[in-house]
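Overview (structure and organization)
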Amino acid sequence: MAVPNIIHFCYFGGRPFGLVNYAAVKAAARINNPDKIYLNYDTEPSGEWWTKAKRFCEPVKIEPVEEAFGQKLTMPAHKADVWRLKKLLETGGIYLDIDVICNRPLGKLKENSVVLGEEKVRGKTVGLCSAAILAEPGANFLKRWWDGYDPAKSLWRGFRSSGHDLYWTELSIKYPYFLSHYWADEVEVVPFEQFYGFSWDREDLRKFYETDERIPDSYVYHLWSGSAYDKYLKDVSEEFIKSRDTNFSGLILKYL
C-alpha cells in the first residue's frame, strides 16, 4: 500500500483566510499534482483569497471537533490535531497545515506507510512536526499515535492540554517522536533540513522573512504563523510581496 495522492487542508476559524493560505493551496496543486485537494472547514472562510483558492480545491463542510476521548478541545489547533489523525486513518493521503507551502514534489516519500519531518529549534530536535503528514489508510503508526490521546491506552497520560500550557504540543509533536524510537519501521522520519528548512525560533524567522540568506531546499516550508503572524503575516499584500527581496517573498511570489 502507498500514500494516496490526495491532499487534505483544514481551516478551523480564527484568523482570516489570507494571501499565504491561498498560496499554500495553489502550491500544493502545482508542485504535487494531486488527484484531489480537499479544504475542510467547520466555519466557511470568506474574502478574495478564499474565492481564488476554491479554483484549486474542493471545499468540504465538516462537523466541529469538540472532544477526544472525553477531553474537551477548546483550541482550534488541538481540534485540527485530532481531525487530521482521524481523517488520515480513514482515507490516508497528505495532510498539510494551511500555512505550509510546498516547494518540491513529495515523490517517492509516498511509498512509505507514514512520513513525518523533524522539528528542530536552535539545532536541537524537539519532536516530529505534524504540520505535514503523509500516511496510508489505517497506518499502524497513526493508530499508536491516536491511542496516545486515550488515557486508557496511551503510553503517557492521554490528551491533557487546556490551551497554551505545558502540554500544548505534547500529543502533536512530542508523542510521535517518542513512538518513532520504538516503532521506527512504521514511520519514515525526514531530517529537518530536508523537510521544513527553518524553525519558529526568532532568528530563523528573521532570516526567512527579512533576508535572502540561503535556506535549505526543503520539501515544504512551514510559515509558522503561530509565531510569525503578528509581525510578518497579518498585513501581507501582493504589493508587499512584490516590493521585497526575501526568502518569504520569493517563495510566495511564484503563486500570485
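Refer to the structure printed above.
Let me begin by describing the structure that accompanies this report.

Calculation notes
- Residues numbered from 1 in each chain as written.
- Predicted model: local features only at pLDDT ≥ 70, side-chain atom pairs only at ≥ 80, totals over all residues.
- Heavy atoms only, no water.
- Phe/Tyr/Trp six-rings, centres within 6.5 Å; stacked < 30°, edge-to-face > 60°.
- Helix = DSSP H or I, 4+ residues; strand = E, 2+ residues; numbered from the N terminus.
- Buried < 20%, exposed > 50% of the residue type's maximum accessible area, 1.4 Å probe, protein only.
- Lys NZ or Arg CZ within 6 Å of the ring centre and 35° of its normal.
- Contact = heavy atoms within 4.5 Å.
- Arc of directions from axis to C-beta.
- Pairing = 2+ DSSP bridges.
- Polar contact = N/O pair within 3.5 Å; in protein donor to acceptor, adjacent residues only side chain to side chain.

Details of the packing of aromatic side chains
All chains considered together, the criterion is met by 26 aromatic pairs. Geometrically, the ring pair formed by Phe17 and Trp50 is edge-to-face, given 5.3 Å between the ring centres and 75° between the ring planes. Within this pair, whereas Phe17 is found in the loop between β1 (6–11) and α1 (19–32), its partner Trp50 is found in helix α2 (residues 48–53), the two being separated by 33 residues in sequence. Their ring planes at 55° and their centres at 6.1 Å tell us that Tyr182 and Trp183 sit as a pair that is tilted. Taking the relative accessible area as the measure of exposure, Tyr182 reaches 57% and is therefore exposed. Among the aromatic residues, those joined into a cluster by ring pairs are Phe198, Phe208, Tyr209, Tyr221, Tyr232 and Phe248. It is Arg15 that lies over the ring of Tyr229; its NZ or CZ is 4.3 Å from the centre. Lying over the aromatic face of Tyr219, Arg104 brings its terminal NZ or CZ to 4.1 Å of the ring centre.

Side note on the environment of Tyr209
Its location among the elements puts Tyr209 in helix α7 (residues 202–210). In this structure Tyr209 comes out as buried when scored by relative accessible area, which is 6%. Counting along the chain gives 181 residues from Tyr209 to Ala28, while the straight-line C-alpha distance between them is 21 Å. Apart from residues no more than four positions distant in its own chain, Tyr209 is found in contact with Leu223, Ala228, Tyr232, Leu233, Thr246 and Phe248.

A word on helix α8 (residues 225–233)
Every buried residue belonging to α8 is among Ser225, Ala228, Tyr229, Tyr232 and Leu233, and all of these are buried. Down the axis of α8, the sector holding all buried residues measures 130°, keeping them to one side. Projecting away from the buried face of α8 at angles above 90 degrees are the exposed residues Gly226, Asp230 and Lys231. Contacts made by the buried residues of α8 are with α1, α7 and α10 (247–253).

Some details on the pairing of strand β6 (residues 93–96)
Direction of pairing for β1 relative to β6: parallel, over a ladder of two bridges. Looking at β6, one finds that His8 is bridged to Tyr95. Pairing of β6 with strand β9 (residues 124–135), which is carried by four bridges, proceeds in the antiparallel orientation. Looking at β9, one finds that Gly93 is bridged to Ala135.

A closer look at the side chain of His78
Note on placement: His78 falls in helix α3 (residues 76–91). By relative accessible area, His78 is classed as buried at 3%. A polar contact of 3.0 Å, which involves the side chain of His78, links it to the backbone oxygen of Trp168. Not counting residues within four places of it along the chain, the set of residues in contact with His78 comprises Leu73, Phe159, Ser161, Gly163 and Trp168.

Geometric values such as these leave the question of function open.
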